[in-house]
Amino acid sequence: MSRKDWTSPAPLEIERPRLPWWTMLPKPVLTVLSPVIAVGVLAVAVNFAARRVYRYPITLTTTTSLVVLGCWHGWWWSLGVALGVVAVLAGWWWRWRDSFTRTVGAQLASEFRRVRVYAIVWRRTMRLSGIARRVGRSWYYPRLRRVRADGWRDRVLVGLLHGQAPKDFEDRAAELAHAFGATSCRVRVDKPRRIWLDLIHRDTLAAPIAPPLLSAADAVVDLGRLVVGMVETGREFVLRLLGNHLLVVGSTGAGKSSVVWALLWALAPAIRSGRVQVFGVDPKGGMELGRAPGLFTRLVYDNGPDAVELLEHVATLTRQRAAHFRESKKKAWTPESGQPFVLLVVDELADVVAYQTDRNLKARANAALQSITSQGRAPGVCVVGQVQDPRKAVLDFRHLFPTKIAMRLDEPDQVNLALGDGARARGAAADEISDDTPGVAWVLSEGRRQIDRVRAFHFDDAHLDELDAYVRDGSSPAVLPAPHRPEAAA
């Protein structure tokens, strides 16, 4: 039978695997090139073995060592060494569990899940989900580079094919989550042609988080780093007020007020000493902000003329501060400037700027708030606005809020309206937050692509009574300056 005959498909075969290219060479050429071919095959084999050792270091190193020991000294030696290692690891786990989990446990779990959960079905999943690519008779697969098991999630590092983009995985996040037995899948860009797949298995924010103890009266408050809760990764949920504005979006009962109370809790020593002044507008008759009125320099309980006057006062204060800093050649407000930091909290922002029936008051409120949000960052004025509907028709200047917090929303489209285009595809499923977890949110800060899932501290009436008494007992009554003399408030 000729070489062409045994490389051709049989009558009932579609195609037969191709043989190595050197089998097609004439015998004289093959004889000359055989040393080169042998070196090439050896290099490929060494590369293959090195990659497997890099990917499965513990498994392969341990197995190889035990096999070599068994061949040289007997299999009873291998069994004894294996039992000894297990005993040492068990003692380590029992006596220093945190150290064991951090050093060995995480590595063992990562390697086990890489082999058992991902490597076995990786190619099949890529093909069935439509991510793999076929060119001619050849299939090309994104590379499974690394797996890190964190207990509540698996981080899978994937090398993209040429011509692929993260969006290919974002569009198939649901399919990937089901394929790998996860509740959800999120896509993060690591660097060009590399992405992380975060496959979530357990909700670390399911339980409410109690606030810490109130800081001492003389504590220094860092306006650039206020701890208001916890990120699902276990680190602190931090918000910045200095040079920033915050927009909190969420449906009724989503826990928007928990973010505001967490900020005021962290600011309590500065409010008590007068280094921070807080103004508030609560159109719901004080049902939210009125629970601790002692924190506010002035608090208005409606969306009428008093509320608009307060907004215009803060806008005038902002402009005069900006002019003062410009004349003194200072770039921005600092704690050493001798002026208090100003925080304006507007609950149900839409009631003030969109649902107001008086057109004149509505126009004045919009003009004042846009002036504050566009000019207030440098002069030391921050706005925290809360709204239920993030549509442009309701709040047409939401782009002036650098930090956006999306709590539970009613529709998937609202996620992109609140956090920006593509946020929902990158995993920020704010519309899927449970009704049983108020305070859970997705946060997008200025200059960052990554969106964090967080939960703010939970406050009950006892906490708010404690906060109100803490501020009232330590500070003298503050007086709101007249609108035509905002420099007195400064």
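Structure shown above.
Read on for an overview of the structure. (Residues numbered from 1 in each chain as written. Predicted model: local features only at pLDDT ≥ 70, side-chain atom pairs only at ≥ 80, totals over all residues. Heavy atoms only, no water.)

Before going further, it helps to spend a moment on the sheet that holds strand β6 (residues 194–200). An order of β3-β4-β6-β5 is seen for the four strands of this open sheet, with the pairing classed as antiparallel. At either end of the open sheet lies a strand with only one pairing partner, and these are β3 (143–149) and β5 (184–191). Mean inter-strand twist for the sheet, computed between neighbouring axes without regard to direction, equals 25°. The sheet contact formed by β5 and β6 spans seven bridges and is antiparallel. Bridge pairing in β6 places Arg 186 opposite Asp 198. Sitting on the sheet, helix α5 (residues 97–119) is in contact with β3, β4 (153–159) and β6, with an inclination near 135° to β3. (Pairing = 2+ DSSP bridges. Helix = DSSP H or I, 4+ residues; strand = E, 2+ residues; numbered from the N terminus. Axes fitted to C-alpha atoms, helices over the stretch in contact; angles between N-to-C directions. Contact = heavy atoms within 4.5 Å.)

Quick look at the nonpolar core now. If you look at the biggest cluster of nonpolar residues, it comprises 97 residues, and the most contacted ones within it are Leu 264 and Leu 419. Per-element tally for this core: the top contributor is helix α9 (residues 256–273), with twelve residues. With residues near it in sequence (within four places) discarded, Leu 264 still touches Ile 271, Val 278, Leu 295, Phe 296, Leu 343 and Leu 467. Among the nonpolar cores identified, the runner-up in size contains 24 residues, and Met 126, Ala 132, Phe 169 and Ala 177 belong to it. (Core = buried A, V, L, I, M, F, W, Y, C linked by side-chain atoms within 4.5 Å. Buried < 20%, exposed > 50% of the residue type's maximum accessible area, 1.4 Å probe, protein only.)

Within this structure, the stated rule accounts for 22 salt bridges. One salt bridge in this structure joins Arg 133 and Asp 168, with 3.5 Å as the shortest N-O distance. In this pair, Arg 133 sits in strand β1 (residues 133–135) while Asp 168 sits in helix α7 (residues 166–170), placing the two residues 35 residues apart along the sequence. Its relative accessible area of 17% is what places Asp 168 among the buried residues. For Arg 225, the salt bridge identified is with Glu 236, shortest N-O distance 3.1 Å. Taken together, the residues span a long stretch of sequence, with Arg 225 in the loop between β6 and β7 (226–231) and Glu 236 in strand β8 (residues 236–239) at a distance of eleven residues. Arg 225 sits in the partly exposed class, given a relative accessible area of 45%. One continuous salt-bridge network, built from bridges that share partners, spans Asp 150, Arg 153, Arg 155, Arg 188 and Asp 198. (Salt bridge = Lys/Arg side-chain N within 4 Å of Asp/Glu carboxyl O.)

Turning next to the sheet that holds strand β10 (residues 276–281). The strand order β8-β7-β16-β15-β14-β9-β13-β12-β10-β11 describes an open sheet built from ten strands, whose pairing is mixed. The outermost strands of the open sheet, each flanked by one partner alone, are β8 and β11 (298–300). In this sheet, adjacent strand axes meet at a mean angle of 25° when their direction is disregarded. Bridging between strand β12 (residues 341–346) and strand β13 (residues 381–387) involves five bridges; their strand directions are parallel.

Moving on, we come to the packing of aromatic side chains. Counted according to the given criterion, the structure contains six aromatic pairs. Ring plane angle 25° and centroid distance 6.5 Å describe the contact between Trp 139 and Tyr 141, whose orientation is recorded as stacked. Residue classification places Tyr 141 among the buried residues on the basis of a relative accessible area of 17%. Its guanidinium or amino end placed over the ring of Trp 139, Arg 127 lies 4.0 Å from that ring's centre, counting from NZ or CZ. (Phe/Tyr/Trp six-rings, centres within 6.5 Å; stacked < 30°, edge-to-face > 60°. Lys NZ or Arg CZ within 6 Å of the ring centre and 35° of its normal.)

Here we come to the packing of helix α10 (residues 305–327) against helix α12 (residues 359–375). The description of two packed helices rests on the angle between their axes and on the distance between the axes. α12 packs onto α10 with a crossing angle of 30° between their chain directions and a minimal axis gap of 9 Å. Considered as vectors, α10 and α12 are oriented roughly parallel to each other. The two elements α10 and α12 meet at a crossing, and its hand is left-handed. Across the interface between the two elements, Pro 305, Val 308, Leu 311, Glu 312, Val 314, Ala 315, Thr 318 and Arg 319 from α10 touch Leu 361, Arg 364, Ala 365, Ala 368, Leu 369, Ser 371, Ile 372 and Gln 375 from α12. (Parallel < 35°, antiparallel > 145°, perpendicular 65-115°, else oblique. Left-handed = near helix turned anticlockwise from the far one by under 90°.)

Below, the discussion takes up the packing of helix α4 (residues 75–95) against α5. Viewed as axis vectors pointing N to C, α4 and α5 meet at an angle of 125°, and their least axial separation amounts to 5 Å. Relative to α5, α4 is oriented oblique. In contact with Leu 89, Trp 92, Trp 93 and Arg 95 of α4, α5 contributes Arg 97, Ser 99, Phe 100, Thr 103 and Val 104. Of the residues in the contact of α4 with α5, the class split is five nonpolar, two polar and two charged. (Nonpolar A, V, L, I, M, F, W, Y, C, P; charged D, E, K, R; others polar.)

The complete set of buried residues in helix α13 (residues 412–419) reads Gln 414, Val 415, Ala 418 and Leu 419. End-on, the buried residues of α13 take up no more than an arc of 110°, which puts them together on one face. Those residues of α13 hidden inside the fold are in contact with β9 (246–249), β14 (403–406) and β15 (440–444). Downstream of α13 by a residue or two, Gly 420 has a phi angle that is positive, lying close to 110°. (Arc of directions from axis to C-beta.)

Assignment of secondary structure puts Ile 209 in the loop between β6 and β7. Taking C-alpha positions, Ile 209 is 5.6 Å from His 458, a pair spaced 249 residues apart along the chain. Once you skip the residues sitting within four places of it in the chain, Ile 209 turns out to touch Met 230, Arg 455, Phe 457 and His 458.

Turning our attention to a nonpolar patch on the surface. Taken together, the side chains of Val 29, Val 32, Leu 33 and Val 36 make up a nonpolar region of the molecular surface, amounting to roughly 330 Å² of accessible area. By secondary structure assignment, the location of Val 29 is in helix α2 (residues 27–55). (Patch = residues over 30% accessible without salt bridge, like charges linked within 9 Å, V, L, I, M, F, W, Y side chains within 5 Å. Areas by Shrake-Rupley, 256 points an atom, 1.4 Å probe, with all protein chains shown as cover.)

Bringing the side chain of Arg 453 into the picture now. Looking at the secondary structure, you find Arg 453 in strand β16 (residues 452–456). Exposure remark for Arg 453: the relative accessible area of 12% places this residue in the buried category. Within the structure, Arg 453 has its side chain in polar contact with the side chain of Asp 203 (distance 2.8 Å). Among residues more than four places away in sequence, those in contact with Arg 453 are Arg 186, Asp 203, Leu 205, Val 231, Glu 232, Val 440, Ala 441 and Trp 442. (Polar contact = N/O pair within 3.5 Å; in protein donor to acceptor, adjacent residues only side chain to side chain.)

Quick look at α12 now. Look at α12: 24 Å from first C-alpha to last across 17 residues, which is about the 24 Å you get at 1.5 Å a residue. Measuring from the backbone nitrogen of Asn 360 back to the side-chain oxygen at the start of α12 gives 2.9 Å, which picks out Asp 358 as the cap. (Expected span 1.5 Å × (residues − 1).)

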